[in-house]
Amino acid sequence: MRAAPAAPALTTPRPAPVDVVLPCLDEAAALPWVLARIPDGWRAIVVDNGSTDGSAEIARDLGATVVHEPRRGFGAACHAGLLAADADIVCFCDCDASLDPGLLAPFVRAVQDGRHDLVLGRRRPQGRGAWPPHARLGNLALTRMLRRRTGLTLHDLGPLRAARRTALLGLGLTDRRSGYPLQMVVRAADAGWRIAERDVPYHPRTGRSKVTGTWRGTWHAVRDMRGVLRQPPTAPGTGTGTQEAAR
């Protein structure tokens, strides 16, 4: 009697090697450009933070994974994306077409190779209006305060960045507003992470900025970040090494 054929083995889809978190609030005009530049094989996670212009539907139609975060705030959107990610390495990028997510490839290689634990993009403005003076001044003040708080000599606290997912979750990030990117750097420094920054071109955004497009928005962001810098140092983690600036 012939044996019945074995049932085919069930396979679980493997997660993408890299997830790119894209916080999104009314970025319908920018999404096609941004999503077209996600490297092949990576997954785009668009975190809709209450858009009313159809951004979520556009992102889904373009193949992105869409996560809805009802709590308003840049940090809330970023962290929702981090929690939704399952790749080993997670990247962050603004969704307004000011930064090209394709530029994250060398960031990811540096983390994969073990050269760095966190890689940040140092924005280099391209064209008039890419980085308003008040936003640049706010960034300069914050990097100086960061240096006094952690000893890190960084030039920018921009949104383009890459790190390992489990390590990021281990930082215990709590800020859900504009202080989220800074808190990530501060806590990574406290944990002894090797932090590098790389120059990236920074273009005028598509549409109006919700944060740094106005003096008021910039002031609120600086206020949130100053609150982060006043927090006491966290206990050192298991990471080792020092900050390095890669130019």
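Residues numbered from 1 in each chain as written. Predicted model: local features only at pLDDT ≥ 70, side-chain atom pairs only at ≥ 80, totals over all residues. Heavy atoms only, no water.

(A) Examining the pattern of salt bridges more closely. Scanning the model with the defined rule gives 11 salt bridges in all. Here Glu 27 and Arg 205 are joined by a salt bridge, their closest N and O atoms 3.0 Å apart. On the criterion of sequence distance, the pair formed by Glu 27 in the loop between β1 (18-24) and α1 (31-35) and Arg 205 in the loop between β7 (195-202) and α8 (215-229) is long-range, its members being 178 residues apart. Accessibility assignment for this pair places Glu 27 and Arg 205 in one class, buried. The partner of Asp 156 in a salt bridge is Arg 123, with the nearest N and O atoms 2.7 Å apart. In this pair, Asp 156 sits in the loop between α5 (133-150) and β6 (161-164) while Arg 123 sits in strand β5 (residues 118-125), placing the two residues 33 residues apart along the sequence. Given the relative accessible area of 13%, Arg 123 is considered buried. By sharing partners, the salt bridges in this structure join Asp 19, Arg 43 and Asp 86 into a single network. (Salt bridge = Lys/Arg side-chain N within 4 Å of Asp/Glu carboxyl O. Helix = DSSP H or I, 4+ residues; strand = E, 2+ residues; numbered from the N terminus. Buried < 20%, exposed > 50% of the residue type's maximum accessible area, 1.4 Å probe, protein only.)

(B) Main features of the nonpolar core. If you look at the biggest cluster of nonpolar residues, it comprises 35 residues, and the most contacted ones within it are Val 20, Leu 22, Leu 35, Trp 42, Val 46, Cys 91 and Leu 104. Only β1, α1, β2 (43-48), α2 (55-61), β4 (89-92), α4 (105-112) and β7 provide two or more residues apiece to this core. In this view, Cys 91 contacts Val 18, Asp 19, Val 20, Val 21, Trp 42, Leu 104, Val 108, Arg 161 and Ala 162; residues no more than four positions away in its chain are not counted. If you look at the next biggest cluster of nonpolar residues, it comprises 34 residues, including Ile 45, Ala 80, Leu 118 and Ala 163. (Core = buried A, V, L, I, M, F, W, Y, C linked by side-chain atoms within 4.5 Å. Contact = heavy atoms within 4.5 Å.)

(C) Spotlight on the pairing of β1. Along β1, 7 of the 7 residues are buried, which leaves the element largely enclosed by surrounding structure. By the alternation rule, side chains of β1 split into Val 18, Val 20, Leu 22 and Cys 24 and Asp 19, Val 21 and Pro 23, which are all buried. Two elements, β1 and β4, share 4 bridges in a ladder whose sense is parallel. The residue bridging Val 21 from the neighbouring strand is Phe 92, located in β4. Pairing of β1 with β2 involves 6 bridges; the strand directions are parallel. The partner of Leu 22 across the bridge, within β2, is Val 46. (Pairing = 2+ DSSP bridges.)

(D) Broad picture of the sheet that holds β7. In space, the 7 strands of this open sheet follow the order β3-β2-β1-β4-β6-β5-β7, with mixed pairing throughout. The outermost strands of the open sheet, each flanked by one partner alone, are β3 (65-68) and β7. If you compare each strand with its neighbour and ignore which way they point, the axes differ by 20° on average. Relative to β1, helix α3 (residues 74-84) is tilted by about 155°, and along the sheet it contacts β1, β2, β3 and β4. In the packing of helix α7 (residues 180-190) onto the sheet, contacts are made with β4, β5, β6 and β7, and the angle to β5 comes to roughly 135°. (Axes fitted to C-alpha atoms, helices over the stretch in contact; angles between N-to-C directions.)

(E) View of the packing of aromatic side chains. Considering all chains together, one arrives at 0 aromatic pairs under this definition. Sitting over the ring of Tyr 202, Arg 123 keeps its end group 5.1 Å from the ring centre. (Phe/Tyr/Trp six-rings, centres within 6.5 Å; stacked < 30°, edge-to-face > 60°. Lys NZ or Arg CZ within 6 Å of the ring centre and 35° of its normal.)

(F) Focus on α4. Among the residues making up α4, those that are buried are Ala 105, Phe 107, Val 108, Ala 110 and Val 111. Those residues of α4 that are buried are in contact with β1, β4, β5, β6 and β7.

(G) Examining the pairing of β4 more closely. Neither face of β4 is left uncovered, since the one carrying Ile 89 and Cys 91 and the one carrying Val 90 and Phe 92 both have all their residues buried. Relative to β6, β4 runs antiparallel, the two being bridged by 4 bridges. Opposite Phe 92, over in β6, you have Arg 161 as the bridge partner.

Functional significance is not addressed by these values, which are geometric in nature.
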